[in-house]
Amino acid sequence: MGYFQDDDKNRDFLNNDEIQKSPLQERLEKEEREIQEKRQKKKGGGGGGKGGYFFSGLIGVIIGALLVWLMLPGLVNQMPGTTTSNTGKNETTINQVATEVTTDVTKAVDMASGAVVGITNIQEVTSGGFWNPPTTSTQPAGSGSGVIYKVQGDKAFIVTNNHVIQGAKQLEVTMPDGTKEEAQLVGRDEWTDLAVISISSKDVKTVAKFGSSDVLKQGETVIAIGNPLGLEFYGSVTTGVVSGKDRSVPVDINGDGTIDWQQEVLQTDAAINPGNSGGALVNLAGELVGINSMKIAESSVEGLGFSIPINSAIPIIEELEKNGEMKRPTMGIQLADLTDVPSFYQQQTLKLPKDITTGVVITDVVNNSPASKAGVQQYDVIVEMDGKKIETAIDLRKHLYNDKKIGDKLTMKVYRQGKLVELSLTLTNSNSL
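Quick notes on the overall build of the protein chain
Then step 1. Broken down by element type, the protein chain carries 8 helices and 20 strands.
Then step 2. Look at the contacts in the protein chain between residues 6 or more apart in sequence, and 62% of them connect residues 24 or more apart.
Then step 3. Surface accessibility of the protein chain: about 26700 Å² in total, with carbon and sulfur atoms responsible for 52%.

Put into structure tokens, the structure is as follows:
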């Protein structure tokens, strides 16, 4: 009993608020409490600081990841041993080299192309029907090429093909710079398919330089300049070689299906198409050596073009420029090849010896012509002229037009009713009959 009572007394003693504390004790306790409060606040603040550090670090990591993601393609391309694959809109840089190439062909084209022009043939067209009165208008009928070869005063002269300007009511020339010039016909010759026209020389800057077709060699490079298939392909250039010289091409002058003439031409494999007619054929020196004239257009023939040799064209050009026409000598007769006459009539009507199988039959004689004055008769058969054998009408024309002049004397041998007769006559101007 006494033991437990003593314990109660002790508790009462410890809990007794009336016990007085010394000032030192109270000060120490106060400092102790302040220290404890500071520690508690520091602990609470330390927990918030760690959270702030965490979120700040997280944001930094995210921003760093974004930067790496954006910079990674560029860094990968700069790493050695890597290749770039353009799968999006990435720009690609192409290395380009500008090299100006100059060859003999380009030099020749530079020299000659400025003299080549386009020619438009404008013709009258009549339209209308049964119910409408006929009306006349003009419209382009075709186009070709031409070559400026001479400037004299205020005129420039152009050579082209006769079939380019044939039937034209008006002629229009397209210059290299695209300007149009009205042209006038100076002269034309259907036998050689050549024509000369003129324009104002005001805007002419280039004139072709004549070369020599006689010195051309087979295999020599030549250049055709013209307007194939029309003015849409103005100034086209094709190259080839001289395939052959002294070629002859049969020509039907009047369109009756009968060959009237053998045109002397140069053969080339340079492409010459419709529209190229009248254009230039030049050598590597840029000199004009031919006037492009025709092309055989068949499925079985390729690379076969023809050009009139410039040495053959120059005398015709000069004559057309001077007189407006070719003044050729004539005998005043109508002709037919003996080979076109049936053998029955050769024997019964012409009464020719059996060994005479070629020659030219005179089908008609013009009154007051050199032939009629010399005593030439219908159905005489010409077999020789000036000592040269004549087998066809083409042979006769070539001798007459190439070897003889107006006023020259001509001797010939003919068969008349089976007998050989020699005649002599003086040639006159074909336009005088």
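Quick word on the pattern of salt bridges
Then step 1. Per the counting criterion, the structure on display carries 8 salt bridges.
Then step 2. A salt bridge links glutamate 321 to lysine 150, with the shortest nitrogen-to-oxygen separation between them at 2.5 Å. One end of the pair, glutamate 321, is in helix α5 (residues 310-323); the other, lysine 150, is in strand β2 (residues 135-152), and 171 residues separate them in sequence.
Then step 3. The salt bridge involving aspartate 403 is made with lysine 388; its shortest N-O contact spans 3.0 Å. Pair noted here: aspartate 403 is in helix α8 (residues 393-403) and lysine 388 is in strand β17 (residues 388-389), with a separation of 15 residues, a long-range link.

Brief notes about empty space enclosed by the protein
The method is simple in principle: a probe with the dimensions of a water molecule rolls over the atoms, and the space it marks as empty is what remains.
Then step 1. Within this structure, the stated rule accounts for 1 cavity of 30 Å³ or more.
Then step 2. As a volume, the largest cavity reaches approximately 40 Å³.
Then step 3. Residue lining of the largest cavity: Met111, Ala112, Val116, Ala208, Lys209, Ala280, Val282, Gly286, Glu287 and Leu288, and that is the complete set.
Then step 4. Elements with a minimum of two residues in the lining of the largest cavity: α3 (104-112) and β10 (280-282).
Then step 5. For the lining of the largest cavity, the residue count by class is 7 nonpolar, 1 polar and 2 charged.

With respect to α5
Then step 1. Taking 1.5 Å of rise per residue, 14 residues should cover 20 Å, and α5 covers 20 Å from first to last C-alpha, within 8% of that figure.
Then step 2. Listing the buried residues of α5 in full gives Ile310, Ala313, Ile316, Ile317 and Leu320. Take α5 and look down its axis: the buried residues cluster within an arc of 120 degrees, on one side only. Of the residues in α5, the exposed ones pointing more than 90 degrees away from the buried face are Glu318 and Lys322.
Then step 3. Downstream of α5 by one or two residues, glycine 324 has phi in the positive range, about 80 degrees.

Considerations on the environment of arginine 397
Then step 1. The topology assignment puts arginine 397 in helix α8.
Then step 2. Distance in space between the C-alpha atoms of arginine 397 and tryptophan 261 is 7.6 Å, their sequence separation being 136 residues.
Then step 3. Apart from residues lying up to four places away in sequence, arginine 397 is in contact with Trp191, Asp260, Trp261 and Asn402.

Thoughts on α3
Then step 1. Listed in full, the buried residues belonging to α3 are Ala108, Val109 and Ala112. All buried residues of α3 project into a common sector of 100 degrees when viewed along the axis, lining one side.
Then step 2. At its buried positions, α3 is contacted by β1 (116-127), β7 (221-226), β8 (236-251) and β10.

What to know about the sheet that holds β1
Then step 1. With antiparallel pairing, the 6 strands of this closed barrel are ordered in space as β1-β2-β3-β6-β5-β4. The mean inter-strand angle of the sheet, taken between neighbouring strand axes irrespective of direction, is 40 degrees.
Then step 2. Across 6 bridges, strand β3 (residues 155-160) lies against strand β6 (residues 194-200) in antiparallel orientation. Counterpart to isoleucine 158 in the pairing with β6 is isoleucine 197.

Some words on the environment of threonine 363
Then step 1. Residue position: threonine 363 is located in strand β15 (residues 360-365).
Then step 2. Assessed through its relative accessible area of 31%, threonine 363 is described here as partly exposed.
Then step 3. Measuring from C-alpha to C-alpha, the distance between threonine 363 and aspartate 380 comes to 8.1 Å, with 17 residues separating the pair along the chain.
Then step 4. Residues contacting threonine 363, with those up to four places away along its chain left out, are Gln334, Leu335, Ala336 and Gln378.

Notes on the nonpolar core
Then step 1. In terms of nonpolar packing, the biggest core is built from 40 residues, with Ile119, Ile148, Ile158, Val173, Ile197, Ile199 and Leu288 touching the most fellow members.
Then step 2. When near neighbours in sequence (up to four residues on either side) are disregarded, leucine 288 contacts Val147, Ala208, Lys209, Phe210, Gly211, Ala280, Leu281, Val282 and Ile310.
Then step 3. Ile333, Val360, Val376 and Leu396 belong to the second largest nonpolar core, which has 18 residues in total.

Digging into the confidence of the model for the protein chain
Low pLDDT marks regions whose predicted coordinates should not be analysed in detail.
Then step 1. On average, residues of the protein chain score 83 in pLDDT, and 81% of them are at 70 or above.
Then step 2. Averaged pLDDT values over the elements of the protein chain bottom out at 46 in helix α1 (residues 2-14) and peak at 97 in β3.
Then step 3. Segment residues 1-19: pLDDT under 50, and 1 contact once partners within four positions in sequence are set aside and those in other chains are kept.

Details of the layout of surface pockets
Then step 1. Considered as a void within the structure, the largest pocket measures approximately 790 Å³ in volume.
Then step 2. Lining the largest pocket are 29 residues; nearest its centre among them are Trp191, Thr330, Ile333, Arg397 and Tyr401.
Then step 3. For the lining of the largest pocket, the secondary-structure elements that each account for two or more residues are β5 (180-189), β13 (329-330), β14 (333-337) and α8.
Then step 4. Looking at side-chain class alone, the lining of the largest pocket contains 14 nonpolar, 6 polar and 9 charged residues.

Quick notes on the rules
Residues numbered from 1 in each chain as written. Predicted model: local features only at pLDDT ≥ 70, side-chain atom pairs only at ≥ 80, totals over all residues. Heavy atoms only, no water. Helix = DSSP H or I, 4+ residues; strand = E, 2+ residues; numbered from the N terminus. Contact = heavy atoms within 4.5 Å. Areas by Shrake-Rupley, 256 points an atom, 1.4 Å probe, with all protein chains shown as cover. Salt bridge = Lys/Arg side-chain N within 4 Å of Asp/Glu carboxyl O. 1 Å grid on protein atoms, 1.4 Å probe; cavity = no way out; pocket = protein on both sides within 12 Å on 5 of 7 lines; lining within 4 Å. Points joined across faces, edges and corners; volume = space filled by probe spheres on them. Nonpolar A, V, L, I, M, F, W, Y, C, P; charged D, E, K, R; others polar. Expected span 1.5 Å × (residues − 1). Buried < 20%, exposed > 50% of the residue type's maximum accessible area, 1.4 Å probe, protein only. Arc of directions from axis to C-beta. Pairing = 2+ DSSP bridges. Axes fitted to C-alpha atoms, helices over the stretch in contact; angles between N-to-C directions. Core = buried A, V, L, I, M, F, W, Y, C linked by side-chain atoms within 4.5 Å. pLDDT = per-residue confidence, 0-100.

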